Amino acid sequence: MKLMKTLGLAALLACAANAAQAHVDTEGVRRGAYLARVSDCIACHSAPGGKENAGGLPMDTPVGKIYSTNITPDKETGIGDYSYEDFARALRRGVAKEGHSLYPAMPYTSFARINDDDMRDLYAYFMHGVQPVKQANRDSDIPWPLSMRWPLTLWRWMFHDDSRYQPDAGKSAEWNRGAYLVQGMAHCGTCHTPRGAAFQEVALSDKKPGYLTGAQLAGWYAGNLTGDAREGLGGWSAEELVQYLQTGRNRHTAAFGPMAEVVHYSSQHINAADLSAIAVYLKSLPGAGAADVAPVRTGAALFFENCATCHQANGQGHDQVVPALAGSSAVMARDATSLIRVVLEGGVNARTRHLAWEYSMPGYAQQMSDQEVADVLTYMRQSWGNAASPVAAGDVAKVRGIVAAGAHPK
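If you're wondering where the values come from, they're calculated on a predicted model, not measured in any experiment. (Residues numbered from 1 in each chain as written. Predicted model: local features only at pLDDT ≥ 70, side-chain atom pairs only at ≥ 80, totals over all residues. Heavy atoms only, no water.)

J.: So what exactly am I meant to see when it comes to empty space enclosed by the protein here?
T.: Unoccupied space between atoms shows up once a probe the size of one water molecule is rolled over them. Summed over all chains, the structure comprises two cavities of 30 Å³ or more. Taken as a whole, the largest cavity holds about 50 Å³ of empty space. Lining the largest cavity are 13 residues, with Asn250, Gln320, Val321, Val322 and Pro323 sitting closest to its centre. Partitioning the lining of the largest cavity into residue classes produces five nonpolar, five polar and three charged. Inspection of the lining of the largest cavity shows a minimum of three residues originating in each of domain 2 (164-292) and domain 3 (300-403). Considering only residue class, the lining of the second largest cavity consists of three nonpolar, two polar and one charged. Counting residues domain by domain, the lining of the second largest cavity receives three or more from each of domain 1 (24-139 + 149-163) and domain 2 (164-292). (1 Å grid on protein atoms, 1.4 Å probe; cavity = no way out; pocket = protein on both sides within 12 Å on 5 of 7 lines; lining within 4 Å. Points joined across faces, edges and corners; volume = space filled by probe spheres on them. Nonpolar A, V, L, I, M, F, W, Y, C, P; charged D, E, K, R; others polar. Domains from an automatic or database assignment.)

Structure (structure tokens):
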């Protein structure tokens, strides 16, 4: 009799498990996996050498380091006990299930635009398509009293807009899809939009000035994505923009630093229709953000000694291998932080499934002084028709300090 009861209980549990599995929206999980790639969740929520989505990635802020959290469905250390409402509130309003405010390094200011269907698919994926990992979250290194979170409630009240994306009836469906992705899940503005004194993005969409005009963040400069001809995308075609997002390079430039990782983890996996929509939207943005500058030519000898072999004397580089410097929006960005860092540290192109090989550039931190780096970059920014402000030795010294401190966002 006891054996029959045991067998009956086991059968009941098996039926319950099968019933629960039957209610899993497998198609929603599949769609959610794609949307998580668009959102680039894995890049921020995975530490170097750690388990995917288990958190622990250090992020520099003006007041100290914070660490990304475990977003696997582990019930003790992750988000396994989050209801859909808890999940949506965290992504749209920046409030955790426990009630504390999330740091705005979490791009909830963009994720608020995500519509209900996509939010439910993301929830389905994180609950049923991600492997649970038991890994406790790490406290921030921000000292008290700056570590107190209650001021973040006031920050949200002052700067956050949690309204969904509203389609523009005067634009095409493709334009609206691109705007929805750029402003929402792809959260491009998180890095490419300048921030104010309270670390708030000065604009959350193209409805306000400053949106996507370039910004310095964590020791890098994220470039201007508007149609500015000098430092933005004015000289790129939509097809070249798609190529860049797919492969990490085109005839104008190559992805480096954090953008190379965006390509690796996210944009190379975005389908062709969505990439085309993103390009259509970005190419519609009028040029904004560049400053007027007066050309000054210096650093030619340093360039020919160290750079011309690969980038050529005319700055044209080699198509799909060595990025061009002439006419490059990255070279002419009004903030030279990323250029300085590449010269000091070197870099490696994005590794993608579309191109099996990679190109690397050596760093010159040991070979060049701050003034020499400033001179050679000034030469690049003001030669072959380029017109951008000179680089100062003090700018190089600042970035060199960041590099020496080991600040390297994933």
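What follows picks up the thread again.
J.: Sorry, what's going on with the nonpolar core here?
T.: What tends to happen in soluble globular proteins is that the nonpolar side chains get buried as a cluster. Core analysis: the largest hydrophobic core is formed by 59 residues, its most contacted members being Phe126 and Leu282. If you list the elements that add at least two residues to this core, you get α2 (26-39), α4 (84-93), α5 (108-111), α6 (116-128), α8 (173-183), α10 (238-247), α11 (258-265) and α12 (272-283). Per-element tally for this core: the top contributor is α6, with seven residues. Taken together, domain 1 (24-139 + 149-163) and domain 2 (164-292) each give at least three residues to this core, which thus spans both. The residues contacting Phe126, other than those within four sequence positions of it, are Ala36, Cys41, Asn53, Ile71, Pro73, Ile79 and Phe87. Phe303, Leu339, Val343 and Met368 belong to the second-largest nonpolar core, a separate cluster that totals 22 residues. (Core = buried A, V, L, I, M, F, W, Y, C linked by side-chain atoms within 4.5 Å. Buried < 20%, exposed > 50% of the residue type's maximum accessible area, 1.4 Å probe, protein only. Helix = DSSP H or I, 4+ residues; strand = E, 2+ residues; numbered from the N terminus. Contact = heavy atoms within 4.5 Å.)

J.: In this structure, what is going on with the pattern of salt bridges? I would like to understand it.
T.: Here the structure, examined in full by the defined rule, presents 16 salt bridges. A salt bridge links Arg30 to Glu27, with the nearest nitrogen and oxygen atoms 2.4 Å apart. Placement of the pair is Arg30 and Glu27 together in helix α2, with a separation of three residues, close to one helical turn. By relative accessible area, Glu27 is classed as partly exposed at 35%. Residue Glu345 is joined to Arg341 by a salt bridge in which the shortest nitrogen-to-oxygen separation is 3.0 Å. Of this pair, Glu345 and Arg341 both sit in helix α15 (residues 337-345), four residues apart, which is roughly one turn of the helix. Since its relative accessible area comes to 0%, Arg341 is described here as buried. Each of the salt bridges in this network shares a partner with another, and the network as a whole consists of Asp25, Arg31 and Asp121. (Salt bridge = Lys/Arg side-chain N within 4 Å of Asp/Glu carboxyl O.)

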